[in-house]
Amino acid sequence: MPTDHWAYNEVVKASEIGFISGMDDGTFGLGQTVTGGQFVSMMCRMFGWELVDAKSGSFADNQDVNQWYFKSVETAAQHGALDGSAQNFRPNDNITREEMAVMLVKGLGYDNLVETAAAAASPFTDVTSNKGYINLAYDFGIVSGKGGVGKSVVTALLAAAMQKAGQKTAVLDADITGPSIPKAFGLHGKANATEIGLLPLQTASGIEIISTNLLLNNETDPVVWRGPIIAGTVKQFWSDVIWTDIDYMFIDMPPGTGDVPLTVFQSLPVDGIIIVTSPQELVSMIVGKAVKMASMMQIPILGLIENYSYFKCPDNGKKYQVFGPSHLQAAAADYGLEILARLPIDPALAAACDSGNIEHYQTDTLNDVIKLLKNME
């Protein structure tokens, strides 16, 4: 494959992580079409599905157990990615992009969102059928959103403030591959498992925490998991952890609108979300994606918090907008959202996070947010 091809980097990455295996002669097969059998084989690797050892096929044209695609087709069928009511699968026929989108959404288990997604505007002008499936494949499969706006810091600050307000508080760290909550609270031990479930660790003030970093032998070890495993872990953090009588649980989400946010919105009783943004012009795009997803999932948006809003000089007391003028007011007006707080750039906060003492950081910038949350009781 030519190194200057537009898809070269994506193909190399997909090959490195095992999503694609190429042709028998060592080539990628550039310009060739994809058959149904090839696509379900790729899906099995992508989702980490263990191939089933079926005695017979689910389709009339998938009965030969010696065919290379037999186990992949049966595995995809078992996971609901294929139309079980169809007589034939046609594993040797080329498939369309539309068929790929449908199989991907079904394989992820998002069928129940198709009707809602179909009511949303399509990003494509040529979609006339399976609109819900294609919208989901676009919105939840490709968009990465914006990271680095300080969601974990805001989550930790809100949890610490709510605990100080006398409420029993917990944090579920759903940023599975980039967990930072334990470090902010100075937690470095491992969560203990019992016969009835997993015990969360407690911070100095009694906040209950669960995070993948509390399960690793070494907290610097990378978490290299595929999407379905990550989503399953988030579900287990809710269902298999022995939480006490919690008044408020804060869920620290990874960036974007992918598997984890969707799993949280589908599987956990979320009362509302707070969108954390930064002052740059990207704010409108960030807020727009979050608003659209929350609307599709029928989750209330409580408001916006702008992080890195300004720097207050300790010498003269003046506020400097390091990242330029804020665009938050316009974004809030566009989507009818309330601005809950604007957090400054504070070296003391960074030091508190690095030292694991975020509970001892003093700030009143989130007081209105805490009042809002307490009024939701």
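Since the model is a prediction, treat every value here as computed from it, not as a measurement.

(A) Looking closely at the sheet that holds strand β5 (residues 273–277). On the basis of which strands lie adjacent, the open sheet formed by three strands has the order β5-β6-β9 and parallel pairing. Every other strand in the sheet has two partners, leaving β5 and β9 (339–342) as the edge strands with one partner each. Strand-to-strand, the axes of this sheet are offset by a mean angle of 20°, without reference to chain direction. Along the sheet, helix α12 (residues 328–335) makes contact with β5, β6 (301–306) and β9, crossing β9 at roughly 165°.

(B) Quick peek at the environment of A119. Counting through the fold element by element, A119 comes out in the loop between α5 (114–118) and α6 (131–141). Classification of A119 as exposed rests on a relative accessible area of 70%.

(C) Fine view of the pattern of salt bridges. Applying the stated criterion across every chain, the model contains four salt bridges. Its salt-bridge partner being R90, residue E99 comes within 3.2 Å of it at the nearest N-O pair. The exposure class of E99 is partly exposed, given its relative accessible area of 27%. E208 is the salt-bridge partner of K168, the closest N and O atoms lying 3.9 Å from each other. Highlighted residues: K168 in the loop between α7 (151–164) and β1 (169–173) and E208 in strand β3 (residues 208–210), separated in sequence by 40 residues. Note on K168: relative accessible area 21%, which makes it partly exposed. For E208, a relative accessible area of 1% gives the class buried.

(D) Representation of the packing of aromatic side chains within the structure. Inspection of every chain in the model, using the stated rule, returns two aromatic pairs. Residues F59 and F89 carry aromatic rings whose centres are separated by 5.8 Å and whose planes lie at 40° to one another, so their mutual orientation is tilted. Highlighted residues: F59 in the loop between α2 (36–47) and α3 (70–78) and F89 in the loop between α3 and α4 (97–108), separated in sequence by 30 residues. Both residues of the pair, F59 and F89, count as buried.

(E) Looking closely at the sheet that holds strand β2 (residues 201–202). Within the open sheet, the four strands sit side by side as β2-β3-β1-β4. Their pairing is mixed. Taken across any chain shown, the strands that pair with only one partner, and hence form the sheet edges, are β2 and β4 (248–252). As paired elements, β1 and β3 share three bridges and run parallel to each other. The partner of A170 across the bridge, within β3, is E208.

(F) Representation of the packing of α2 against α3 in the model. Orientation of α2 relative to α3, taken along the N-to-C sense of each, is 65°, at an axis distance of 8 Å. As α2 runs across α3, the sense of the crossing is left-handed. Only S72, V73, T75 and A76 of α3 make contact with α2, whose side of the interface consists of V40, S41 and C44. Split by residue class, the contact of α2 with α3 holds four nonpolar, three polar and no charged.

(G) Spatial organisation of the environment of V270. Examined against the element boundaries, V270 turns out to sit in the loop between α10 (259–267) and β5. With 29 residues separating them in the primary sequence, V270 and I299 have C-alpha atoms 7.2 Å apart. Excluding anything up to four places from it in sequence, V270 contacts V264, F265 and I299.

(H) Up close: helix α13 (residues 347–355). All of the buried residues in α13 are L349, A352 and C353. One side of α13 holds all its buried residues, which, seen down the axis, span an arc of 95°. Of the exposed residues in α13, the ones pointing more than 90 degrees away from its buried face are P347 and D354. Looking at the buried residues of α13, the elements they touch are α7 and α8 (181–184).

(I) Fine view of the environment of E99. Mapped onto the fold, E99 is located in helix α4. Each C-alpha atom of the pair E99 and N130 lies 9.0 Å from the other, and the pair is 31 residues apart in sequence. Those residues within four positions of E99 in sequence are excluded, and the remaining contacts are R90 and N94. Side chain to side chain, E99 and R90 meet in a polar contact 3.2 Å long.

Rules of the game
Residues numbered from 1 in each chain as written. Predicted model: local features only at pLDDT ≥ 70, side-chain atom pairs only at ≥ 80, totals over all residues. Heavy atoms only, no water. Pairing = 2+ DSSP bridges. Helix = DSSP H or I, 4+ residues; strand = E, 2+ residues; numbered from the N terminus. Axes fitted to C-alpha atoms, helices over the stretch in contact; angles between N-to-C directions. Contact = heavy atoms within 4.5 Å. Buried < 20%, exposed > 50% of the residue type's maximum accessible area, 1.4 Å probe, protein only. Salt bridge = Lys/Arg side-chain N within 4 Å of Asp/Glu carboxyl O. Phe/Tyr/Trp six-rings, centres within 6.5 Å; stacked < 30°, edge-to-face > 60°. Left-handed = near helix turned anticlockwise from the far one by under 90°. Nonpolar A, V, L, I, M, F, W, Y, C, P; charged D, E, K, R; others polar. Arc of directions from axis to C-beta. Polar contact = N/O pair within 3.5 Å; in protein donor to acceptor, adjacent residues only side chain to side chain.

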